[in-house]
Structure formats: C-alpha cells, structure tokens
Amino acid sequence: MEILRPALVNINGRIYRKNQVQEESYEEEEEEEDYPCSAAAAEPCLDEPCDAYDIEQTDRGFRCAIDVPSVLYKYIIGKKGETRKRLETETKTSISIPKQGVEGQIVITGAHRAAVTSAVTRVEVLIDSFRRKQPFTHFLSFALNHPQVQQGFLRFREQVLERCGQDAGVDESIFQNPAKLHLTIGTLALLNEQEVTRASELLQQCQDVIRDITEAKPLPVEVRGIEYMNDDPSMVDVLYAKVRVQDGSDKLQQIADRLVECFSAAGLMERERERVKIHGTIMNTLFRKDPSAEDRGASARPSAKEREAFNAKNILQMFGEVYFGAFELNSVQISQRFSTDSTGYYSSAGCVTFS
C-alpha cells in the first residue's frame with residue numbers, strides 16, 4: 001500500500017483513508033480466537049472530519065448512539081475489556097455496550113463533541129475491520145431453477161456420469177442441487193434482523209431502476225454452454241453454466257452491475273470486480289464434503305490441499321455447448337444462505353420483480 005495513496009474504506013456510505021499501521025494480536029478470553037486488530041487499527045482515522053454523526057448535546061456534554069450487531073460487541077470490548085479501556089482513555093469518552101447477545105446501540109458520551117466524534121470513528125473502523133472477516137449470511141441471486149432448466153441439468157448430470165464418470169474426481173457428489181440452480185450477484189453479511197430489513201428495503205428501492213432496464217417485462221433467458229475459470233481444464237474445482245438474454249442484449253448484466261453498485265455504495269456489499277460475472281455453478285468440488293456449501297465465500301473456502309479437483313477435459317469437449325433450457329426470468333431476491341423454502345430453493349429475505 002502506498003503511503004501517499006492509501007486504501008479507501010467505505011463505512012455506512014462514508015469514505016475513510018486507511019493508513020498503514022502495525023497491528024496488534026491477542027486472544028479473546030472467552031472464545032479463544034485471534035483478533036489481529038485492536039484500537040490501534042482505528043488510529044489512522046482519528047483526524048478524519050465527518051459531519052454525518054448524530055451527536056446530541058446533553059446537560060453533561062455530548063452523546064452519540066450507533067447501531068452495532070451484537071456479534072461484533074466483543075471486538076470493541078477486547079480481551080478483559082482492554083480495547084474499550086484504551087478507546088475511552090485516548091478519546092476521553094465513556095463507551096456503553098449492551099450485554100452480549102442483546103441487540104441494541106453502543107452509546108458514546110463525552111465532555112466535548114470532538115472527543116465523541118473521534119471515539120465513534122474509531123469504533124466504526126474497528127467494526128468495519130471485523131465485519132469483513134464475518135462469513136456471509138445472504139446473497140443476491142437470480143433463480144435458475146425453472147423446471148425446464150432443472151430437467152436439462154439432470155440430463156446433463158446423467159450423461160456426464162455415464163460418459164465421463166471414470167475421469168479423475170468426477171462423481172455425483174460434486175453436482176449442484178437442481179432445485180438451487182442460481183446466479184450469484186453478490187454476497188452480504190447481514191448480522192441481525194435490522195440489517196436484513198435494511199437490505200430488503202434497499203432492494204425495493206432498486207425496483208424502478210431494474211424495471212427501467214427490463215421495460216417492466218420479464219427477461220427471456222437461455223442457459224446454454226459450460227465454462228471454467230482456472231488455467232488447467234484437467235484440474236478444475238468449479239464448472240459454470242452460461243446464461244444470456246435471448247435477444248442478445250446485456251440487460252441481465254446491467255441489472256447485476258447496478259445492484260452491486262447500489263449495495264456497495266450503501267456499505268452492504270464489497271465490490272470485487274468492475275463487472276459481475278454472469279454464470280451459474282453446476283459442479284463444485286466443495287460439494288464433495290459439504291453439500292450445503294453452495295455459496296461459500298472466499299474467506300471460508302478450504303485450501304487447495306483440502307479440495308479434490310476434477311478432470312473436466314472430456315466434459316468440456318463433449319458438453320461445451322450443452323443446452324439446459326430457456327425461461328422468462330422475472331425476479332431477483334436476497335437469498336438466505338443454508339436455507340430451503342417450499343420449492344427447494346433458498347428462503348427469501350426480499351424480492352423484486354421485473355414486471
């Protein structure tokens with residue numbers, strides 16, 4: 001990281017400079033986890049001016065309450081309360097944190113507005129740092145589990161096992177659950193019900209933008225062809241189905257990109273690349289040991305040593321342009337990870353339609 005061009009951090013829609021610091025490591029006493037970050041990680045943002053905080057003046061000074069999911073309290077408290085004590089000492093404020101497991105607000109009070117602002121900024125930087133380490137709980141998805149596509153996928157699976165079942169690493173366990181075929185637009189770590197509600201409301205706000213792109217009509221899409229993303233087709237971990245709009249337009253791409261733009265601007269999603277990769281997972285070596293690993297994020301992926309890749313050369317040669325099916329796509333939803341609804345797809349925490 002260049003000193004004169006530090007990385008920028010988006011926290012609740014506000015942008016901070018993240019300067020390089022020497023991080024501290026310690027073990028949290030109760031859960032015995034290593035947290036390679038402490039109050040020191042917030043120091044680069046001490047002098048960042050910000051007028052976005054709702055800091056109230058009281059008869060004793062100033063007060064600010066910030067919403068923090070209870071799962072993150074321990075990172076503000078620190079081992080034996082050391083992180084909170086340090087923050088309070090260095091900013092000359094008092095930090096009140098609800099009991100673990102109780103959803104509420106962290107309240108910061110102090111004699112001076114600048115002191116409270118400094119403490120709030122440090123707390124938010126710490127929260128953002130550890131939020132990025134949390135496994136994602138939800139994801140934005142386009143469902144591809146239309147009956148015609150499921151039938152095409154089952155035919156593909158049967159033919160692959162029949163004709164390529166002897167190839168290294170190829171077996172039934174690595175195929176996707178047909179009821180959960182989908183496109184992942186982006187992942188979300190929603191750590192309490194308030195954050196789920198906020199994400200759902202944000203998706204609703206995107207409906208007009210989506211309908212402008214689709215002209216308030218469903219999108220006729222086709223699922224045809226397969227691809228892989230690594231360099232060696234004989235050592236593949238994930239195989240994808242290609243999805244395109246039948247009229248040849250990039251409307252699906254536009255919707256995906258606008259959603260990621262909207263959710264990342266709100267601080268609910270990290271933008272990993274300039275454009276969303278439009279693809280649907282059909283084979284994944286993660287399924288071999290964990291059938292529920294459909295959308296495991298990068299931070300939770302096992303190392304290459306723990307995955308058994310498969311040889312996809314013959315599959316790609318024989319089924320490169322395989323046709324799975326076509327249907328009218330008419331919605332995007334916030335899907336809950338590790339869940340199943342009455343149709344076999346993921347449970348929805350929010351949905352908008354194209355028409």
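You'll find the structure just up there.
Residues numbered from 1 in each chain as written. Predicted model: local features only at pLDDT ≥ 70, side-chain atom pairs only at ≥ 80, totals over all residues. Heavy atoms only, no water.

Undergrad: Break down empty space enclosed by the protein for me, citing the residues and quoting the values.
TA: Enumeration over the complete set of coordinates arrives at one cavity of 30 Å³ or more. The space that makes up the largest cavity amounts to roughly 50 Å³. In terms of lining, the largest cavity is formed by Leu144, Val149, Phe153, Leu181, Val223, Ala241, Gly280, Thr281, Ile282 and Phe324. Elements that contribute at least two residues to the lining of the largest cavity include exactly helix 4 (147–164) and strand 11 (280–284). At three residues, strand 11 tops the list of elements feeding residues into the lining of the largest cavity. Here the residues of the lining of the largest cavity sort into eight nonpolar, two polar and no charged. (1 Å grid on protein atoms, 1.4 Å probe; cavity = no way out; pocket = protein on both sides within 12 Å on 5 of 7 lines; lining within 4 Å. Points joined across faces, edges and corners; volume = space filled by probe spheres on them. Helix = DSSP H or I, 4+ residues; strand = E, 2+ residues; numbered from the N terminus. Nonpolar A, V, L, I, M, F, W, Y, C, P; charged D, E, K, R; others polar.)

Undergrad: Pulling in residues and values, what's your account of helix 3 (residues 113–131)?
TA: Note: α-helices contain 3.6 residues per turn, so residues at a spacing of three or four share the same orientation. The end-to-end C-alpha distance of helix 3 is 26 Å, a good match for the 27 Å that 19 residues give at a rise of 1.5 Å each. The element helix 3 is extensively covered by neighbouring structure, given that 16 of its 19 residues are classed as buried. (Expected span 1.5 Å × (residues − 1). Buried < 20%, exposed > 50% of the residue type's maximum accessible area, 1.4 Å probe, protein only.)

Undergrad: Could you give an account of the nonpolar core, naming the residues involved and the relevant values?
TA: Core analysis: the biggest nonpolar cluster contains 58 residues, and Phe156 and Ile315 have the highest contact counts within it. For this core, the element with the highest residue contribution is helix 7 (residues 251–265), accounting for six residues. Aside from chain neighbours lying at most four places away, what touches Ile315 is Phe156, Val160, Cys164, Val170, Ile226, Leu239, Met283, Phe310 and Gly320. In terms of nonpolar packing, the next biggest core, distinct from the first, is built from 23 residues, Phe62, Ile66, Leu72 and Ala119 among them. (Core = buried A, V, L, I, M, F, W, Y, C linked by side-chain atoms within 4.5 Å. Contact = heavy atoms within 4.5 Å.)

Undergrad: Summarise the packing of helix 6 (residues 207–214) against helix 7; cite the residues concerned and give the values.
TA: Between helix 6 and helix 7, whose axes approach to 9 Å, the crossing angle comes to 165 degrees. Put simply, helix 6 runs roughly antiparallel to helix 7. Every pair of crossing elements has a handedness; the one defined by helix 6 and helix 7 is right-handed. From helix 6, Val209, Ile210, Ile213 and Thr214 reach across to helix 7, where they touch Lys251, Gln254, Ile255, Arg258 and Leu259. Its residues assigned to classes, the contact of helix 6 with helix 7 comprises five nonpolar, two polar and two charged. (Axes fitted to C-alpha atoms, helices over the stretch in contact; angles between N-to-C directions. Parallel < 35°, antiparallel > 145°, perpendicular 65-115°, else oblique. Left-handed = near helix turned anticlockwise from the far one by under 90°.)

Undergrad: Tell me what's going on with the environment of Ile282, and back it up with residues and numbers.
TA: By the element assignment, Ile282 lies in strand 11. Judged by relative accessible area, Ile282 falls into the buried class, the value being 2%. For Ile282 and His182, which are 100 residues apart along the polypeptide, the C-alpha to C-alpha distance reads 9.1 Å. Once residues lying within four places of it in the same chain are set aside, the contact partners of Ile282 are Phe153, Phe156, Ile174, Phe175, Gln176, Leu181, Ile226, Leu239, Tyr240, Ala241 and Phe324.

Undergrad: Give a description of the sheet that holds strand 5 (residues 93–96) that names residues and reports values.
TA: Whether parallel or antiparallel, the strands of a sheet pair through hydrogen bonds between backbone atoms. Spatially, four strands are ordered 3-4-6-5 in an open sheet, and the strand pairing comes out antiparallel. The sheet terminates laterally at strand 3 (56–58) and strand 5, the two strands that pair on one side only. With direction set aside, neighbouring strand axes in the sheet form an average angle of 25 degrees. Two elements, strand 3 and strand 4 (residues 61–68), share three bridges in a ladder whose sense is antiparallel. Bridge assignment links Gln57 to a residue of strand 4, and that residue is Phe62. The sheet contacts of helix 3 involve strand 4, strand 5 and strand 6 (104–110), and relative to strand 4 the element is tilted by about 15 degrees. (Pairing = 2+ DSSP bridges.)

Undergrad: Can you lay out the packing of aromatic side chains for me, pointing to particular residues and giving the numbers?
TA: All chains considered together, the criterion is met by eight aromatic pairs. Where Phe139 meets Tyr346, the ring centres are 5.0 Å apart and the plane angle is 85 degrees; that geometry is what we call edge-to-face. Taken together, the positions of Phe139 in strand 7 (residues 138–143) and Tyr346 in the loop between strand 13 (331–336) and strand 14 (348–353) put the pair 207 residues apart, joining distant regions of the chain. Note on Tyr346: relative accessible area 1%, which makes it buried. Considering the side-chain rings of Tyr345 and Tyr346, the 5.2 Å spacing of their centres and the 80 degrees angle between planes classify their relative orientation as edge-to-face. Taken together through their ring pairs, the aromatic side chains of Phe153, Phe156, Phe175, Phe319 and Phe324 make up a single cluster. Note that Lys180 overlies the ring of Tyr346, its terminal NZ or CZ placed 4.6 Å from the centroid. (Phe/Tyr/Trp six-rings, centres within 6.5 Å; stacked < 30°, edge-to-face > 60°. Lys NZ or Arg CZ within 6 Å of the ring centre and 35° of its normal.)

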